[in-house]
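Fold and contact review
Below, each chain spelled out in residue letters.
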Amino acid sequence: MLQCEWQVTTTDRMAPRTLFEKIWDAHLVHEAPGQPSLIYIDRHLIHEGTSPQAFAGLKAAGRKVRRPELTFAVMDHSVSTKNRLLPVLDADARGQFEALARNCEEFGVNLFDMHSRNQGIVHIIGPELGITQPGQTIVCGDSHTSTHGAFGALAFGIGTSEIEHVLATQCLSQFKSKTMKIEFHGKRPAGVTAKDMILAIIGRIGIAGGTGYVVEYAGEAVRGLSMEGRMTMCNMSIEGGARAGMVAPDDTTYAYLEKRPFVPRGREFMMAVDYWMSLPSDFGAKYDATLDLQANELAPMVTWGTNPGMVTQVTERVPDPHSFQDPVDQQAAERALVYMDLKAGTPIGDISLDRVFIGSCTNSRLEDLRAASKIVAGKHVAKNLKQALVVPGSRRVKLEAEAEGLDKIFVEAGFEWRDAGCSMCIGMNDDVLLPGERSASTSNRNFEGRQGKGGRTHLVSPIMAAAAAIEGHFVDIRKWKNADGAE
Amino acid sequence: MQPFTKHSGLVAPLDRVNVDTDQMVPKQFLKFLTREGYGRVLFYDWRYLHGEKPNPEFVLNHFRYKGASVLLARANFGCGSSREHAPWAILDYGFRAILAPSYADIFYNNCFKNGILPVTLSIEQIEDLFRRTEANPGYRLTVDLENDAVTDERGLKYAFTVDPFRRECLLKGLDDIGLTLVHEPHITAFEEGHSNVPVMYEAVDVKFHHE
């Protein structure tokens, strides 16, 4: 008999439940008063960066991987985005790759190695292969695991000790999070993308505003986003302090998933959809916190400081630290402006750039590349730029983009077209900013040194990054043609 | 994991909010395969100038804080990346306890897995401790998990609370995995009621071990 993955749990509780509570309840293995609950993990994603010590711990304790078939490994953080057929010269990176391959082989874990046609950033390939599905619990030793919540899954980042715990037990010991609903009313204006929506949220709640919460994004503007856009939003939940972000599954979700390699087909698919349709929060479900925002008030966002909460609209100016009420914020802003080498009052549009990076688990999916390519088609990267990089999130994205001729558009416009990986988002390979260089980046973190020691990062959407590459400084993308339709 | 019961030590003040884990252990040090040896690179970009020359302006390089084992910090300590290299580095450097008004979730959790006690005090109490640390060279604090209090030698006493389960695990240095495996029958029962094996309906290029 066909059986969908999870049955709707029946409980004697009559209270309406949130999406988060439904998934939590369906995965409870054990609970006891005063203790964290044991929850079952459906999909465990691992990469070369944070897993070697977990496998070493398992071996030292003589333990096995309990459910190797539920674990998927990929090489993404340290891989070269240039010619991958060349030997890996970085001995430390080579050590990571070899360790991951060896551990996967020894414990029977599924592996997409750096030569796989399906290799890519872990948070890009999970969804695109349909490994990620609604209602699942998904963890990975990577804080941007929140990305997968876009499918109505409970997905969050864990540390290496917890990776080891999941490998050994397929469970995690967790305290139940509080819930926050962030509702975006109305429609977002043209030129405003999911990236701008999440940056606006972080600007509003601050980088610790979501600490302790699982955030559910809702409202017309969120419903109106493609899966790509929803992933961008959920991806940066952690930048607002929330370990997980979620969007309730709907027809957009099911249409995206249908016919993906790991998604059931035919009658099984219909049964899965039936289950997924039971997941959205019940009418009247209670949240511990709510925030209502108006999408029509949004504008393209640009970060000016050294965390994602230091963000403003493209038409604004670099803020005066004294404009912040809290002395702690004043001090942080002052320090950030020194690091960023920016003067208070400088119009955002006057900030000129050295490098542009379009990529990362936040913004490197096909739609991101399509939208950026429309902006740069027939134009050329500004002379003051040292480099403009496009790094597709996965090799599948790369192939699909090439089939549409996007690579040619980018290359003709003066961009470098690279192989898939985390690249300049974290700079563990050769793709880095040099000291003092300034980037417009579609990634997720503008921390000091994130893209290279002494590098200065401004976070923006793909269309904003594309336009900035053409002009050599930030511009208001709403004034350009071809900015419509970008997610 | 080494247990944490009570620790006395020199206090070092790190007067910055939102210290992220990228600062604790920058990316170039995430390529090692062990949990040990990260103390040398803790706060690398702040701590060292070109050629790994100690930056005299960075607080941990001040002579008076040499040998510190209690880290006094500001709000939202440990935000950003989930890298457990951050608490590994903190521990390897010699810190056993952190005192701050708030922490980021993943980092907070990771501390408990490594025998580090992250104590949460109010903003006012932390402010007071910064004042005391700066005013009194050689200022030491005792962080006592058995009695849930931070004390100094002059009679100061700040009580704190830690979740009772986490407290117990830290006091006894319990192995998380061992604790979970006590529930093995529950896990097996759960697995018997749920079929969640991934099926590859269309072949993809993975070293797939299970069909």
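For the structure, see preceding data.
In this text the structure is predicted, and so the values were computed from the model without any measurement. (Residues numbered from 1 in each chain as written. Chains lettered and ligands numbered in written order. Predicted model: local features only at pLDDT ≥ 70, side-chain atom pairs only at ≥ 80, totals over all residues.)

1. Describing the environment of Asp354 of chain A
All names here are of chain A. For clarity, the threshold we go by: Numbering of helices and strands runs from the N terminus; a helix is a DSSP stretch of H or I covering at least four residues, while a strand is a stretch of E covering at least two. With C-beta atoms placed from the backbone, the exposure class of a residue follows from how many other C-beta atoms lie within 10 Å of its own: 20 or more, buried; 12 or fewer, exposed; in between, partly exposed. Once C-beta atoms have been placed from the backbone, residue pairs whose C-beta atoms lie within 7 Å are recorded as contacts.
Its location among the elements puts Asp354 in the loop between α11 (327–340) and β15 (355–358). With 18 C-beta atoms packed within 10 Å, Asp354 lands in the partly exposed category. Each C-alpha atom of the pair Asp354 and Lys408 lies 22 Å from the other, and the pair is 54 residues apart in sequence. Apart from the residues lying within four places of it in its own chain, the contact partners of Asp354 are Leu385, Lys386, Glu437, Arg438 and Ser439.

2. Details of unusual backbone geometry
All names here are of chain B. Positive phi, normally seen in glycine, also occurs at Asn18, with a value near 55°. Notably, Glu52 is not glycine yet its phi reads approximately 60°, a positive angle. Along the chain, Glu52 turns up in the loop between β2 (48–49) and β3 (53–54).

3. Considerations on the nonpolar core
So the rule is basically this: Think of a nonpolar core as buried Ala, Val, Leu, Ile, Met, Phe, Trp, Tyr and Cys residues, each tied to the set through C-beta atoms within 7 Å.
Ranked by size, the top nonpolar core spans 210 residues in total, and within it Val356 of chain A together with Ile98 and Leu99 of chain B carry the most contacts. Apart from residues lying up to four places away in sequence, Ile98 of chain B is in contact with Leu71, Ala73, Phe77, Cys111, Ile116, Pro118 and Val119 of chain B.

4. What about the sheet that holds strand β1 (residues 28–30) of chain A?
All names here are of chain A. Note the threshold: Two strands form a pair only when DSSP identifies at least two bridges running between them. Orientation is described by axes fitted as lines to C-alpha atoms, over the contacting stretch for helices, and by angles from 0 to 180 degrees between their N-to-C directions.
Spatial ordering of the open sheet is given by β1-β2-β8, a layout of three strands whose pairing is antiparallel. Single-partner strands in this sheet number two, and they are β1 and β8 (171–174). For this sheet, the mean angle separating the axes of adjacent strands, direction not counted, is 40°. Note that strand β2 (residues 37–40) and β8 share four bridges and pair antiparallel. Bridge assignment links Leu38 to a residue of β8, and that residue is Ser173.

5. Describing the sheet that holds strand β12 (residues 289–294) of chain A
All names here are of chain A. Across the sheet, which stays open at both edges, the four strands sit in the order β11-β10-β9-β12 with parallel pairing between neighbours. Each edge of the sheet is formed by a strand with only one pairing partner; in this case those strands are β11 (244–246) and β12. Within this sheet the neighbouring strands show an average axis-to-axis angle of 20°, counted without direction. As judged from the three bridges shared by strand β10 (residues 213–218) and β11, these two strands associate in the parallel manner. Residue pairing across strands places Val215 opposite Gly245, the latter belonging to β11.

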